[in-house]
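# Structural characterization, general
The lines below spell out each chain.
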Amino acid sequence: MKFFRSHVLVGINETSLQAGVQDFIKALRNELAKQNLQEEINVLETGPLGFFGRGVCLSVFPENVNYQDVKVEDVPELVEEHFLKGRPLSRLQLDSAGKFTPKFNYDKRIVLRNSGIIDPESIDEYIGAGGYEALEKALLQMKPADIIAEVKKSGLKGRGGAGFPTGVKWSFTAPLDAPQKYIVVNADEGEPGTFKDRLIMEGDPHQLLEGIMIAARAVGATKAWIYIRGEYKLCIERLQKAIAQCKEYGLLGKNILESGFDLDIDIRIGAGAYVCGEETALIESLEGNRGNPRWKPPFPGVKGLWQAPTVVNNVETLANVPFIIKNGADVYLSYGSEGCPGTKVYTILGDVAHPGLCEVDMGTTLRTIINEYAGGMKKGFRFKAALVGGAAGVFLPEKMLDVQMDFPHLNEYAAVLGSGAILVLNEHQSVVDMLWSILKFFRHESCGKCAPCRNGCQQLYRLITKIKKGNGTMEDVDLMVSIAQTMFSTSFCALGQSPIMAVRSAVDHFKDEFIEITKK
Amino acid sequence: MYLEICQKYAPEKDNLIYILHDIQDTHPQHYISEEAVQVVSEYLKVPPNHIFGVLTFYTMYSTKPRGKNIIRLCESPPCYIKGSENILRKLKTQLGVETGETTKDGLFTLELCACLGVCGNAPVMMVNNDVYGDLTEEKVEDILARIARGNQ
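Residues numbered from 1 in each chain as written. Chains lettered and ligands numbered in written order. Predicted model: local features only at pLDDT ≥ 70, side-chain atom pairs only at ≥ 80, totals over all residues.

## Remarks on the overall build of chain B
Note the following rule: By definition, any uninterrupted DSSP run of H or I lasting at least four residues is a helix, any uninterrupted run of E lasting at least two residues is a strand, and each is numbered from the N terminus. Three exposure classes are used. Buried residues have 20 or more other C-beta atoms within 10 Å of their own C-beta, exposed residues have 12 or fewer, and partly exposed residues fall in between, all C-beta atoms being placed from the backbone. Placing a C-beta atom from the backbone of each residue, one calls two residues in contact when those atoms lie within 7 Å.
On a plain count of helices and strands, chain B comes out with 7 helices and 4 strands. For chain B, the α and β elements follow one another from N to C terminus as α-α-α-α-β-α-α-β-β-β-α. A principal-axis box enclosing the C-alpha atoms of chain B has dimensions of 50 × 35 × 25 Å. Buried positions account for 41% of the 152 residues belonging to chain B. For chain B, long-range pairs separated by at least 24 residues make up 58% of all intrachain contacts whose partners lie at least 6 apart in sequence.

Take a look at the structure:
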């Protein structure tokens, strides 16, 4: 084993690839060799680093110095200053004043604990980090019923949106006597502002695969599908590689680890429809149909894909499973808040000093997330609201900054937790304008199957456009709330039931803005 | 030609979405013609109306001929708040087309799309398979010029 003085982690993602990260790495390695530092400085290609900078981003450990927008031309200066002379190059640092370094709480992470540390394209690194130990335990030491009992005990709730207890979901499918059962992974992440699943898959694809394997073992499925959106090219590539590696290592296929358990995992690519994030619509799409949701019951757990019992789980949910099985439910229960164990991955966007991602305990307040993980508000801006949960989310005003973010505390707003998107607005930005953009999105994405959603989304968009232009009245605002409420009560699936959250929270917490704009 | 593409996949309905992707990606005008629908229908033994239904449901498919390069600008809230409308205006004037139209030289088609999941770098657009983030009006000009040069 070689020891290095410093490790340079280079984030490989869509943005950095486009900024020419491959050329950059080549240049960096050449320059280090030229200075005879190749034995001292290790260059690692990895997944998401935990902050979003421009262009090519680097994290240097153990110094914990972060750079952004580094170009090939900068390489000689960077190597000379930082690696030869040991002075971080402030010109390129994430925060040039050097005051803020993103908080990497790796000791408190579950699903992102390897992300940005190991090479996501290497199964050996995943195994080296303790990967596939949970699978071994699940296959060789536990019965399927034990796995389900452990997951139930852990209190893991679905991270897709609804927050349904995962163990309970599995327990519906496990006892059914069927010739074929399926696991379907919902990786069709389409909620605006949400991309935590992309980061999980890009950063640590094997962890998801291990979660799928354990879930399949628990419910008796022998085939799993990952339904992923076509735009996530890098995720698809990495998952394909990971699946091929597993086959080579005998972790997929027939008689895995000589336990008699068979499993195949395949990737299916979506074609761009928000509604396909709804589990029954997703199943329809997998079967080669329009992505219209199905009537429930029967639930997919009983009759899903090709009428076979099917467990549909979100990426983040499954990524939690290996940790629970390996360490036991009791360890998992020590994370998070009372009544809501575990962690949650958030992506923080908008007018904060350092947009980024974080994984924190369930129940962490919005204030902590913004201040400690995103460096507070951007200089010169004041907090006005945070749109939490994307388009199907809620506007949280300043007075709600200290609410614990977990399922029990957000109660009526709990569904927004799944997506984990936090979009921060400053005092100059208009909530009405944001609501317009949200309702425009819903108008486009309504699948058209049921009348309340199909017509309701049109009417909501018409009303908010009128209000935005200054031609509306407070009656229009009330009508909007009442339409959204009707949609909530009568729509076929969660899509039509969602606009009420954004509409009601905007009108409740920012009424002044509506009064102001309708007065004109 | 369409039949050859179909034959890469087993004649089962759940391959429909794949076959349509393949046909569209390999067509120089990036669309799915009526003729293609007929061929797929016969191959999969699925009525053409079902295929047309699927085709028009998903935003990634087009039933109209499109340009050589497809620009998809995100208009979802996180990009909207970062000024995607200004970028749209810039794209329209630069290309001389409205949303959904193709430039006269057939080089670009301008489309809007929903969240691409790269919101950390909003505003964002995709040109074919490449993502471009942190867009500014100058950057857009530069990207378009670069692609146009590459296509000469």
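## Here we look at the overall build of chain A
What counts is decided by this rule: This radius of gyration counts C-alpha atoms alone. The globule rule is 2.2 Å times how many residues there are, raised to the power 0.38.
Each helix and strand counted, chain A has 21 helices and 16 strands in total. Here chain A has a C-alpha radius of gyration of 24 Å; the compact-globule value for 520 residues is 24 Å, and the two agree. Looking at chain A residue by residue over its 520 residues, the buried ones come to 56%. Residue pairs in contact within chain A that sit at least 24 positions apart in sequence constitute 71% of those at least 6 positions apart.

## Some points on the nonpolar core
Note the cut-off: For the purposes of this analysis, a nonpolar core is taken to be any set of buried Ala, Val, Leu, Ile, Met, Phe, Trp, Tyr and Cys residues that are connected through C-beta atoms within 7 Å.
The biggest cluster of nonpolar side chains holds 188 residues, and the ones touching the most others in it are A:V184, A:V185, A:I212, A:A215 and A:L435. Ranked by size, the runner-up nonpolar core spans 26 residues in total, among them A:V8, A:F52, A:V75 and A:L94.

## Details of the sheet that holds strand β3 (residues 125-127) of chain B
Residue and element names in this part refer to chain B. Here is the rule we go by: Only strands that DSSP links by at least two bridges are regarded as paired with each other. Every axis in this analysis is a line fitted to C-alpha atoms, fitted for helices over the stretch in contact. Angles between the N-to-C directions lie between 0 and 180 degrees.
As summarised here, the arrangement of the 4 strands in space is β2-β1-β3-β4, forming an open sheet in which the pairing is mixed. The sheet is open, and its two edges are formed by β2 (108-113) and β4 (130-132), each paired on a single side. Taken over all neighbouring pairs, the strand axes of this sheet differ in orientation by 25 degrees on average, direction set aside. The pairing of strand β1 (residues 69-74) with β2 spans 6 bridges and is parallel. Across the sheet, C74 pairs through a bridge with C113, a residue of β2. Contacting β1 and β2, helix α6 (residues 84-95) runs over the sheet at an angle of about 155 degrees to β1.

## Some points on the sheet that holds strand β3 (residues 58-61) of chain A
Residue and element names in this part refer to chain A. Taken together, 4 strands build an open sheet; the order of strands is β2-β1-β3-β4 and the sheet is mixed. At either margin of the open sheet sits one strand with a lone partner, and together these are β2 (41-46) and β4 (65-67). The average angle at which neighbouring strand axes cross in this sheet is 20 degrees, direction not considered. In terms of strand pairing, strand β1 (residues 6-11) meets β2 through 6 bridges, oriented parallel. When the bridges of β2 are listed, H7 appears paired with N42. The sheet strands contacting helix α2 (residues 21-34) are β1 and β2, and the helix crosses β2 at an angle near 170 degrees.

## Concerning the packing of helix α5 (residues 133-140) of chain A against helix α9 (residues 205-219) of chain A
Residue and element names in this part refer to chain A. The following threshold applies: The labels follow the angle: roughly parallel below 35 degrees, roughly antiparallel above 145, roughly perpendicular from 65 to 115, and oblique for the rest. Lys, Arg, Asp and Glu make up the charged group, whereas Ala, Val, Leu, Ile, Met, Phe, Trp, Tyr, Cys and Pro make up the nonpolar group; the residues left over, Gly among them, are polar.
With their axes 9 Å apart at the nearest point, α5 and α9 run at an angle of 10 degrees to one another. Taken together, the axes of α5 and α9 are roughly parallel relative to one another. Facing A134, L135, A138 and L139 of α5, the residues of α9 in contact are E210, M213, I214 and R217. Looking at the contact of α5 with α9 residue by residue, the class counts come to 6 nonpolar, no polar and 2 charged.

## Here we look at the interface of chain B and chain A
Across the boundary between the two partners, chain B contributes 33 residues, which contact 40 residues of chain A. For the side of chain B that touches chain A, the elements supplying multiple residues, two or more each, are α2 (16-26), α4 (48-57), α5 (77-80) and β4 of chain B. The residue inventory of the side of chain B that touches chain A, partitioned by class, reads 19 nonpolar, 10 polar and 4 charged.

## Re the domain arrangement of chain A
Where interface size is quoted, it is often the accessible area lost as the parts come together. Residues and elements named next belong to chain A. To keep things clear, this is the line we draw: Bear in mind that the domain bounds are from an automatic or database domain assignment.
Each assigned domain of chain A is listed with its residue range as follows: domain 1 (6-102), domain 2 (108-333), domain 3 (338-426) and domain 4 (431-519). If you average the C-alpha positions of domain 3 and of domain 4, the two centres end up 23 Å apart. Each partner contributes to the interface: domain 3 provides 11 residues, whereas domain 4 provides 12 residues. Of all elements in the fold, only β14 (383-388) and β15 (394-397) reach the threshold of two or more residues within the side of domain 3 that touches domain 4. With 3 residues, β15 is the single largest residue contributor to the side of domain 3 that touches domain 4. Tallied by class, the residues present in the side of domain 3 that touches domain 4 amount to 10 nonpolar, 1 polar and no charged.

## Considering the confidence of the model for chain B
Residues and elements named next belong to chain B. Short version of the rule: Note on scores: pLDDT gives the predictor's confidence for each residue, bounded by 0 and 100.
Of all residues in chain B, 100% have pLDDT values of 70 or greater, and the mean over the chain is 94. Within chain B, no element has a lower average pLDDT than β4, which sits at 88, and none a higher one than helix α3 (residues 34-44), at 97. Scoring of the predicted complex yields 0.90 for pTM and 0.94 for ipTM.

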